[in-house]
Amino acid sequence: MTICNSSSIHHPAEKHNWLLKLMYSTIGMAEQEFSSHVILLFLGLIILFCVSVSAEPPGFLSISCESSSNFNDTVTGLPWVTDAPYVQTGSVASLDDEALFPYLRHLRYFPDAPTKHCYVMPVQESTTYLVRTWFRYGNYDGLNKTPTFDLLFNANEWMTNFTPPDEYYYEITIKTQYSSNFSVRVARTSPTDTPLISALELRPLLPSMYSFVKNENFVLGLHQRMDTGSLSVDNLK
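Residues numbered from 1 in each chain as written. Predicted model: local features only at pLDDT ≥ 70, side-chain atom pairs only at ≥ 80, totals over all residues. Heavy atoms only, no water.

With respect to the overall build of the protein chain
Using the following cut-off: Elements are defined by DSSP. Helices are runs of H or I of four residues or more, strands are runs of E of two residues or more, and each kind is numbered from the N terminus. The cut-offs for exposure are 20% and 50% of the maximum accessible area for each residue type, with area from a 1.4 Å probe on protein chains only; residues under the lower value are buried, those over the upper are exposed, and the others partly exposed. Any two residues having at least one pair of non-hydrogen atoms within 4.5 Å are treated as being in contact. Areas reported here follow the Shrake-Rupley algorithm with a probe of radius 1.4 Å; residue values treat only the protein chains shown as occluding.
Along the protein chain, the regular secondary structure elements total one helix and 14 strands. Taken across its 237 residues, the protein chain has 33% of its residues classed as buried. By sequence separation, contacts in the protein chain at least 24 residues apart represent 72% of the contacts at least 6 residues apart. Split by element, the accessible area of the protein chain, about 15,300 Å² in all, is 58% carbon and sulfur.

So this is what it looks like as structure tokens:
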């Protein structure tokens, strides 16, 4: 007679239950690991998206002429940088007027003998740019006489014998071709007039915008910009 110990006998269903538990446990661990990878990937994509949205495209520049340090515009949040890396000549002055936009509280003027003084900024080839130049005399020299001078883009004269009204800006839309730099120059036209500039803005535009501006021979100059249909009488920037 063979005596069997009942405790050593496993019913087939119990064996299957053990296998199922092991399988479910393995699947659960795999699911947890997979979920962790998915979460990390999702967070990585969010960070990448935020960085790509917050970063300005190449050639996007806001230059405050003379400003000793970089700052963010309190209205638009746009970063403004000092002009030190982009110009080699000129002297600086500040305007004591807290009502001005921060980027117009400083200026660079050019009393030295050279006729032309140049800002050189990096750009991408074959890209359309909006270039905006700001001028705020503000009687910084106490002479109460707004100077007259020439304004040049890439060595081409666009405004001659130009006397900018106070807090004036002039802008063009132009397409770069083969150069990786773009220059803005102010030129002396009289020994008694000292050219100046307050701020520079450079904005790369989408290829679909102003597509008829084919190269540097096609340039658009701003004539007038109007806000139509607004209920506010305040000027916008």
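Notes on the sheet that holds strand E12 (residues 196-197)
Note the following rule: Two strands pair if DSSP finds at least two bridges between them.
Read from one edge of the open sheet, three strands run E4-E5-E12, paired in antiparallel fashion. Where the open sheet ends on each side, the last strands, each with one partner, are strand E4 (91-94) and E12. Where strand E5 (residues 106-109) lies against E12, two bridges are found, and the strand directions are antiparallel. When the sheet's bridge partners are listed, Arg108 is paired in E12 with Ile197.

Some points on a nonpolar patch on the surface
Short version of the rule: Only residues whose relative accessible area exceeds 30% and that form no salt bridge are eligible for patches; like-charged ones are grouped when within 9 Å, while nonpolar side chains (Val, Leu, Ile, Met, Phe, Trp, Tyr) are grouped when within 5 Å. Throughout this description, the term salt bridge denotes a Lys or Arg side-chain nitrogen within 4 Å of a carboxyl oxygen of Asp or Glu.
A contiguous nonpolar patch, built from Leu206, Met209, Tyr210 and Phe212 and spanning about 390 Å² of accessible area, is present on the exposed surface. Residue position: Met209 is located in the loop between strand E13 (199-204) and strand E14 (220-221).

A look at the nonpolar core
Inclusion rule: What we call a nonpolar core is a set of buried Ala, Val, Leu, Ile, Met, Phe, Trp, Tyr and Cys residues that are connected through their side-chain atoms within 4.5 Å.
Judged by nonpolar contacts, the single largest core of 40 residues is most densely connected at Met121, Val131, Leu151 and Val184. Ranked by the residues each element gives to this core, the list is headed by strand E7 (residues 128-135), at four residues. Non-local contacts of Met121, meaning those with residues more than four positions away in its chain, are made with Leu61, Ile63, Tyr86, Ser180, Asn181, Phe182, Val184, Leu200 and Leu202.

Brief notes about the sheet that holds strand E11 (residues 181-188)
Where we set the bar: With axes taken as lines fitted to C-alpha atoms, and helix axes fitted only over the stretch in contact, angles between N-to-C directions fall between 0 and 180 degrees.
Judged by pairing direction, the sheet is antiparallel, and its four strands sit side by side in the order E6-E11-E8-E9 without closing on themselves. Edge positions in the sheet fall to strand E6 (116-122) and strand E9 (156-162), since each has one partner strand and no second. Taken pair by pair, the neighbouring strands of this sheet meet at an average axis angle of 15°, ignoring direction. Here four bridges tie strand E8 (residues 149-153) to E9, and the two strands are oriented antiparallel to one another.

Some remarks on the confidence of the model for the protein chain
Applied cut-off: For every residue, the predictor assigns a confidence score, pLDDT, that lies between 0 and 100.
Averaged over the protein chain, the pLDDT score is 76; the fraction of residues at 70 or greater is 72%. Considering only residues more than four positions removed or in separate chains, one finds that residues 1-16, a stretch of pLDDT under 50, has one contact. Within the model, pLDDT remains below 50 along residues 45-55, and this stretch shows zero contacts once partners closer than five positions in the same chain are excluded.

Here's the deal with the pattern of salt bridges
One pass over the full model with this rule turns up seven salt bridges. Salt-bridge contacts for Asp97 lead to Arg136; the nearest nitrogen and oxygen are separated by 3.9 Å. Residue Asp97 is located in the loop between E4 and E5, and its partner Arg136 is located in the loop between E7 and E8; the two are separated by 39 residues in the primary sequence. With a shortest N-O distance of 3.0 Å, Arg132 and Glu201 are connected by a salt bridge. In this pair, Arg132 sits in strand E7 while Glu201 sits in strand E13, placing the two residues 69 residues apart along the sequence. Overlapping salt bridges, with partners in common, bring together Arg132, Glu171, Glu201 and Arg203 in one network.

Notes on the pairing of E6
Only one face of E6 is covered, namely the face carrying His117, Tyr119 and Met121; the face carrying Lys116, Cys118, Val120 and Pro122 is uncovered. Sheet topology places E6 next to E11; seven bridges connect them, and they run antiparallel. Looking at E11, one finds that His117 is bridged to Val186.

Side note on unusual backbone geometry
The phi angle at Ser126 is positive, at roughly 55°, despite the residue not being glycine. If you trace the backbone, Ser126 turns up in the loop between E6 and E7.

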